[in-house]
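Each chain, letter by letter, is given below.
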Amino acid sequence: MLGAPVQEGTGRLGCDMGPSAFRAAGLAGALRELGHVVVDRGNLAPTSQPEVRHGNAAIKSLPEIVAWTELLAATIYDASAEGMPITLGGDHSLAAGTLSGLSRRAADLERPLFVLWLDAHPDLHTLDSTESGNLHGVPMAYATGQPGFEGIFPPLAAPLDMARICMMGIRSVDPAERARLAAGDVTVHDMRAIDEHGVAVLLRGFLEKVAAADGLLHVSLDVDFLDPDIAPGVGTTVPGGATFREAHLVMEMLHDSDLVTSLDLVELNPFLDERGRTARLIVDLVASLMGRRVLDRPTRSH
Ligand SMILES: NC(=[NH2+])NCCC[C@H](N)C(=O)O
Ligand SMILES: [Mn+2]
Ligand SMILES: [Mn+2]
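Sequence order sets the numbering: in each chain, residues are counted from 1 along the sequence as written. For this description, chains carry letters from A and ligands carry numbers from 1, given in the order in which they are written. Totals for whole chains, interfaces and linings use every residue, but because this is a predicted model, local features are given only for residues with pLDDT of at least 70 and side-chain atom pairs only at 80 or more, for both listing and counting. Values shown for side chains rest on all heavy atoms present in the structure; no hydrogens or waters enter the calculation.

An unreviewed UniProt entry annotates the chain as Arginase originating from Ancylobacter defluvii. UniProt positions are given in the numbering used here, feature names are shortened, and annotations may be inferred rather than shown by experiment. If you open the UniProt record of the chain and go to Catalytic activity (unreviewed entry), you find "L-arginine + H2O = urea + L-ornithine". Its UniProt record gives the chain the following Sequence similarities (unreviewed entry) comment, quoted word for word: "Belongs to the arginase family."

Below, the structure is given as structure tokens:
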């Protein structure tokens, strides 16, 4: 577990308390109960900020986010050699760093990196296209090597292949992101697809691809993937999100697949939460991902 209390990527304060809330909600204990060895490396903090600027005047906190990206890319690259890094966010801008470090690790291992992106948003803005200027909206564009980050963000060792990304839960897409998704080959399962087919069928297809390619699998869990009724502790709520049961099923299937090699937990804002219920829900979801199940034997689906 690595705490990344970055909050400057959102338009409001509070995500810096995310790592503390995950700890208070019992994340380490829940994983130890399942038999895992858990090491909590505490919270990271960038020590210096680069002098960077960009012509888009809407952009907020560019030096801070570039500094976090550098720090996380190096830290997660190292951590991925030792075990399964779980990054406790912090807002989703941290994915610029974690995806960069993990892409470099995958390139070293000569294995493809796949990403399951559980989010209401694709976070596929470039520095030029973001209108809110909130840099939690750009990490996917950076990690996949979209133009406009050069000379500002750290260079990528290896850009992520769009064809190895699966997004689930998507229900809020800005026009520039829509165009980028239409042009690329990201697999996008929006809420309509989930309603029509169910998460199990959609996820199974992706997991089969990852297994067939002997890939590494990174899971990026944005709290707003979940419906705001069950997960109010996030700044960018969008109605109509994943239910409690859909989310647990995704996690249980990920556990059964035995494919997940790293995990980011992002966008929890404890200041907006109701007595820690969102933090506790995410801890329970991570427990499902790490092996907690209702019965001792695998559930039979047929
Ligand atoms: N990680 C997130 N919650 N991202 C929300 C981004 C929302 C919107 N697309 C923006 O760029 O401002
Ligand atoms: Mn996000
Ligand atoms: Mn989101």
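Having seen it, we continue.
1. Topic: the overall build of the chain
Each helix is a run of H or I in the DSSP string that is no shorter than four residues. Each strand is a run of E no shorter than two, and both are numbered from the N terminus. If you tally the helices and strands in the chain, you get 10 helices and seven strands. Atoms counted for the radius of gyration: C-alpha only. Globule rule: 2.2 Å times the number of residues to the power 0.38. The C-alpha atoms of the chain give a radius of gyration of 18 Å, which matches the 19 Å a tight globule of 302 residues would have. The principal-axis extent of the C-alpha atoms belonging to the chain is close to 55 × 40 × 40 Å. For the chain, the share of sequence-separated contacts (at least 6 apart) that also reach a separation of at least 24 residues comes to 74%. Split by element, the accessible area of the chain, about 13,000 Å² in all, is 50% carbon and sulfur. In this tally, Lys and Arg are treated as positive and Asp and Glu as negative; His is ignored, and so are the chain termini. Where a charge lies is defined by one atom per residue type, namely NZ (Lys), CZ (Arg), CG (Asp) and CD (Glu). Side-chain charges in the chain split into 24 positive and 40 negative, and the spacing between the mean points of these groups amounts to 5 Å. The contact criterion used is simple: two residues touch if any of their non-hydrogen atoms lie within 4.5 Å. We get accessible surface area from the Shrake-Rupley algorithm with a probe of 1.4 Å; when it comes to residues, only the shown protein chains can shield them.

2. Some thoughts on the site of ligand 1
Any residue with a heavy atom positioned within 4 Å of a molecule or strand is treated as near that molecule or strand. Taken together, the neighbourhood of ligand 1 is formed by His92, His121, Asp123, His125, Ser132, His136, Asp174, Glu177, Asp222, Asp224, Thr236 and Glu267. In protein, a polar contact means a hydrogen-donor-capable atom and an acceptor-capable atom, both N or O and within 3.5 Å, with residues adjacent in sequence counting only if both atoms are side-chain atoms; elsewhere, any N or O pair within 3.5 Å suffices. One of the side-chain nitrogen or oxygen atoms of Asp123 is found 2.8 Å away from a nitrogen atom of ligand 1. Within the backbone of His136, one N or O atom sits 3.3 Å away from a nitrogen atom of ligand 1. Protein contact buries 91% of the 340 Å² of open area that ligand 1 shows by itself. Within the shell around ligand 1, the residues separate by chemical class into no nonpolar, six polar and six charged. Side-chain classes are defined by residue name, with Ala, Val, Leu, Ile, Met, Phe, Trp, Tyr, Cys and Pro counting as nonpolar, Asp, Glu, Lys and Arg as charged, and the others, Gly among them, as polar.

3. Examining the coordination of the manganese ion (ligand 2)
For Na, K and Ca the donor cut-off is 3.2 Å; for every other metal, N, O and S atoms count as donors within 2.8 Å. Water does not enter the count, which can leave sites looking incomplete. Each protein donor to the manganese ion (ligand 2) is listed here as His92 (ND1), Asp119 (OD), Asp123 (OD) and Asp222 (OD); together their distances run 2.1 to 2.2 Å. Within one chain, the residues donating to the manganese ion (ligand 2) are spaced in sequence as H-x26-D-x3-D-x98-D.

4. Thoughts on the coordination of the manganese ion (ligand 3)
All of the protein donors around the manganese ion (ligand 3) are Asp119 (OD), His121 (ND1), Asp222 (OD), Asp224 (OD) and Asp224 (OD); their distances to the metal are 2.1 to 2.5 Å. Read N to C, the donor residues that coordinate the manganese ion (ligand 3) are spaced as D-x1-H-x100-D-x1-D. The distance between the manganese ion (ligand 3) and the manganese ion (ligand 2) comes to 3.1 Å, and Asp119 binds to both of them. A residue pair is termed long-range when its members are at least 10 positions apart, and Asp119 in the loop between strand E3 (113–118) and helix H5 (139–143) and Asp222 in strand E6 (residues 216–222) qualify at 103 residues. Residues Asp119 and Asp222 agree in their burial class; the two are buried. Note on classification: 1.4 Å probe, protein chains only; a residue is buried when its accessible area is under 20% of the maximum for its type, exposed when over 50%, partly exposed between these limits.

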